[in-house]
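Survey of secondary and tertiary structure
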Amino acid sequence: MTVFAPLPAPSPERVATGRRYLMCRPEHFTVSYAINPWMNTAVPVDLGLALHQWESLRRTYLELGHEVELIDPEPGLPDMVFAANGGLVVGGRALGARFTHPERHAEGPAYQRWFERAVRSGLLRQATVPLATNEGEGDFLVVGETILAGHGFRTDLAAHTEVQELFGLPVIGLALVDPRFYHLDTALAVLDDTTVAYYPGAFSEGSRQVLQRLFPDAVLASEEDAAVLGLNAVSDGRHVVLSERATGLADELRLRGFEPVGVDLSELLKAGGSVKCCTLELRS
Ligand code: ARG
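This section reports on the structure supplied with the text. Only a predicted model underlies this, so the values are computations on that prediction, with no experimental measurement involved. (Residues numbered from 1 in each chain as written. Predicted model: local features only at pLDDT ≥ 70, side-chain atom pairs only at ≥ 80, totals over all residues. Heavy atoms only, no water.)

Another point: the site of the ligand. Taken together, 17 residues lie around the ligand, and Asn36, Arg104, His183, Asp185 and Cys277 are the ones closest in. In the environment of the ligand, an oxygen atom lies 2.7 Å from a nitrogen or oxygen atom belonging to the side chain of Asn36. Here a nitrogen atom of the ligand and a side-chain polar atom of His183 are 2.8 Å apart. Relative to its unbound accessible surface of 350 Å², the ligand loses 100% to contact with the protein. A molecule is said to occupy a pocket when more than half its atoms come within 2 Å of that pocket's grid points, and by this definition the ligand occupies the largest cavity. Tallied by class, the residues present in the shell around the ligand amount to seven nonpolar, six polar and four charged. (Near = heavy atom within 4 Å. Polar contact = N/O pair within 3.5 Å; in protein donor to acceptor, adjacent residues only side chain to side chain. Areas by Shrake-Rupley, 256 points an atom, 1.4 Å probe, with all protein chains shown as cover. 1 Å grid on protein atoms, 1.4 Å probe; cavity = no way out; pocket = protein on both sides within 12 Å on 5 of 7 lines; lining within 4 Å. Sits in = over half its atoms within 2 Å of the grid points. Nonpolar A, V, L, I, M, F, W, Y, C, P; charged D, E, K, R; others polar.)

Written as structure tokens, this is what we have:
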């Protein structure tokens, strides 16, 4: 009699769903101040290359069948390209951002004006001005019907309550402890409504336990992949757009049935941003 070893469980069929994103062309992008450890004002930025890299990210989304809305970049706001920080949009309702650093303060009202125009044009249902300091989807990530919320560097704990009250969804606070991973979206990627990938070293001990409880099957990223901002990724449930430098993470995603799509955003990395930072999801 031949006894066959059990086959490994097949990874589930991953299903992509169409998304609508908001992006901001990096026309005024530069590194003229340093508000995170990635930024060094002595390192020059190639603006032409930044524009080209950003354009290929936009084209990638379009080729995957997603819609991309654009907000006009404003002079003097070099980080405005990082649209994820401009707000949080769930169920057609937007909560604007209130930035921590004075260098980015004016971005809050700029994104707010876009949300208000989107309400007038029927693209969104509601736009709310925030009370507490929050950096939008940089620190708030929606996983199914739960919102994960980072704190420690940028977003204030009071904003977690504000988000929970506004959207009526449970908000789970997570403490970030490594300055390289100053926003939640630099340390954790949402892959679908129940699956996340994260780098444990970016979180406090207690928050690590919370993540382990909530997502026992999570993809755990290595420090190497996290340190090229590989977790700053955008997934449509099947395709995961991420830095092409995060090769270990891409392999792991493939094993789990996802399709990694590598992009090069080396210029934007000089400001501490990658794929997700450039992308705000407009959930209807
Ligand atoms: N230079 C920007 C900052 O430090 C980068 C923002 C990146 N955005 C993000 N969603 N993580 O604020």
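Turning our eyes to something else, we now look at the packing of aromatic side chains. A full pass over the atoms with the stated rule returns five aromatic pairs. Centre to centre, the rings of Trp114 and Phe115 are 6.1 Å apart; their planes meet at 80°, and the pair counts as edge-to-face. On the basis of an interplanar angle of 85° and a centroid distance of 6.0 Å, the ring pair of Tyr198 and Phe203 is categorised as edge-to-face. For the pair Tyr198 and Phe203, one class covers both residues: buried. (Phe/Tyr/Trp six-rings, centres within 6.5 Å; stacked < 30°, edge-to-face > 60°. Buried < 20%, exposed > 50% of the residue type's maximum accessible area, 1.4 Å probe, protein only.)

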